[in-house]
Amino acid sequence: MVQRSGTAIPIITVDGPSGVGKGTLCIRLAKHFGWHLLDSGAIYRALALCIDNTHVDLNNNNEIVNKTMYLDVLFESKDEEMDVYLEGKLVSSELRSERIGELASKLAAMPEVRDALLQRQRDFAQSPGLVADGRDMGSVVFPHAPLKIFLNASVEERGRRRYKQLKAKGCNVNLAQLLREIAARDSRDAQRSVAPLKATEDAHQIDTTHLSADEVFEIVLKLSEQKFGLAI
Ligand code: C5P
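As the structure is a computational prediction, the values presented were derived from the model and not from experiment.

Peer 1: When you look at the packing of aromatic side chains in this model, what are you seeing that I'm missing?
Peer 2: Any two aromatic rings considered together are summarised by their centre-to-centre distance and by the angle between their planes. Within this structure, the stated rule accounts for three aromatic pairs. Judged by centre distance (5.1 Å) and plane angle (35°), the ring pair of Phe 33 and Trp 35 falls under tilted. There is no split in this pair, since Phe 33 and Trp 35 are both buried. Their ring planes at 70° and their centres at 6.1 Å tell us that Phe 75 and Phe 124 sit as a pair that is edge-to-face. Pair noted here: Phe 75 is in strand β5 (residues 73-78) and Phe 124 is in the loop between α6 (111-122) and β8 (130-134), with a separation of 49 residues, a long-range link. Phe 75 gets classed as partly exposed once you look at its relative accessible area, which sits at 21%.

Peer 1: Hey, could you run me through helix α8 (residues 155-168) in this one?
Peer 2: One turn of the α-helix equals 3.6 residues, which is why residues spaced by three or four share an orientation. If you check α8, its first and last C-alpha atoms are 20 Å apart, about what 14 residues at 1.5 Å a residue would give, namely 20 Å. When α8 is considered as a whole, its buried residues turn out to be Glu 157, Arg 158, Gly 159, Arg 162 and Leu 166. Two residues or fewer after α8 comes Gly 170, characterised by a positive phi angle close to 85°.

Peer 1: Would you take a moment to explain the packing of helix α2 (residues 40-53) against helix α5 (residues 98-108) for this structure?
Peer 2: In a packed pair of helices, the relevant descriptors are the angle between the two axes and the axis-to-axis distance. At a closest axis distance of 8 Å, the pairing of α2 and α5 adopts a crossing angle of 100°. As judged from the angle between their axes, α2 and α5 are roughly perpendicular. Mapping the contact onto sequence places Tyr 44, Arg 45, Leu 47, Ala 48, Leu 49, Ile 51 and Asp 52 in α2 and Arg 99, Ile 100, Gly 101, Leu 103, Ala 104, Leu 107 and Ala 108 in α5. For the contact of α2 with α5, the per-class residue count stands at 10 nonpolar, one polar and three charged.

Peer 1: Could you clarify how one ought to interpret the environment of Gly 138 in this entry?
Peer 2: Among the secondary structure elements, Gly 138 is positioned in helix α7 (residues 137-141). Each C-alpha atom of the pair Gly 138 and Lys 148 lies 5.9 Å from the other, and the pair is 10 residues apart in sequence. With near-sequence residues (within four places) excluded, Gly 138 lies in contact with Thr 13, Asp 15, Pro 143, Lys 148 and Thr 200.

Peer 1: Would you take a moment to explain the site of the ligand for this structure?
Peer 2: Close to the ligand lie 16 residues; Arg 45, Arg 114, Arg 185, Asp 189 and Arg 192 are nearest. At 2.8 Å, a side-chain N or O of Arg 114 approaches an oxygen atom of the ligand. Here an oxygen atom of the ligand sits 2.8 Å away from a polar atom, N or O, in the side chain of Arg 192. Across the complex, the protein chains shield 98% of the 450 Å² of accessible surface that the ligand would expose by itself. For the shell around the ligand, the secondary structure elements donating two or more residues are α2, α5 and α9 (175-191).

Peer 1: Before we go on, may I ask you to explain the packing of helix α3 (residues 61-69) against α6 in this structure?
Peer 2: One can describe the packing of α3 onto α6 by two numbers: an axis separation of 9 Å at closest approach and a directional angle of 10°. As the angle between them shows, α3 and α6 are arranged roughly parallel. Judged by residue contacts, Asn 61, Ile 64, Val 65, Thr 68 and Met 69 of α3 engage Glu 112, Val 113, Ala 116, Leu 117 and Arg 120 from α6. Among the residues forming the contact of α3 with α6, the class breakdown is six nonpolar, two polar and two charged.

The rules we used
Residues numbered from 1 in each chain as written. Predicted model: local features only at pLDDT ≥ 70, side-chain atom pairs only at ≥ 80, totals over all residues. Heavy atoms only, no water. Phe/Tyr/Trp six-rings, centres within 6.5 Å; stacked < 30°, edge-to-face > 60°. Buried < 20%, exposed > 50% of the residue type's maximum accessible area, 1.4 Å probe, protein only. Helix = DSSP H or I, 4+ residues; strand = E, 2+ residues; numbered from the N terminus. Expected span 1.5 Å × (residues − 1). Axes fitted to C-alpha atoms, helices over the stretch in contact; angles between N-to-C directions. Parallel < 35°, antiparallel > 145°, perpendicular 65-115°, else oblique. Contact = heavy atoms within 4.5 Å. Nonpolar A, V, L, I, M, F, W, Y, C, P; charged D, E, K, R; others polar. Near = heavy atom within 4 Å. Polar contact = N/O pair within 3.5 Å; in protein donor to acceptor, adjacent residues only side chain to side chain. Areas by Shrake-Rupley, 256 points an atom, 1.4 Å probe, with all protein chains shown as cover.

What follows is the structure, encoded as structure tokens:
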């Protein structure tokens, strides 16, 4: 449990590369237990959109840190999704493009950006519990979380899932290009010097290549029951 003002907050961290099914799993877990949800990727994506909208040069570290510290991003849970507002404007769909994902990944490799977002992410740990989705949830943001999950799947399967997701949202996508972009983003996320994408030793690693979303959900529910004694 993570101690916060003398109270133990149960936390489940879910990390893994893009398109592996973290988002779907985390939304379902948070809903099932009635816990809070931290979609940390959406924070990095909202920052990317803000930087893109305001045409800040990627070499201008001071301005990027300034934008990060004053980032006005809000989340509102809605059915199976999370609405994201940037400066009061609904931006959920805009955030999902691979172009914004790519820019988010470049910004996420900057140590100053990660430092500036650390406390904001930790503040999501509120009663009755938290499900945290990202790349460094179990390694850096919530290193003492009692239950850590690390999802993986082949790059082809992740590309296929992301393709279906984007198509369903009406986006114009090309599978071959998407696969190249995902592979490039994974490689940057795994090789950066700060908080690289990596499973911690205490994480439960699940290869979801041949598993359905329901099967992954069932596995994690069982682990949650064992760890927290939660009814499932
Ligand atoms: O998870 P999602 O694809 O929305 O994340 C977008 C990008 O944000 C990732 O490729 C990664 O570079 C970055 N990210 C991160 N740490 C997190 C969450 C996301 O570096 N905890």
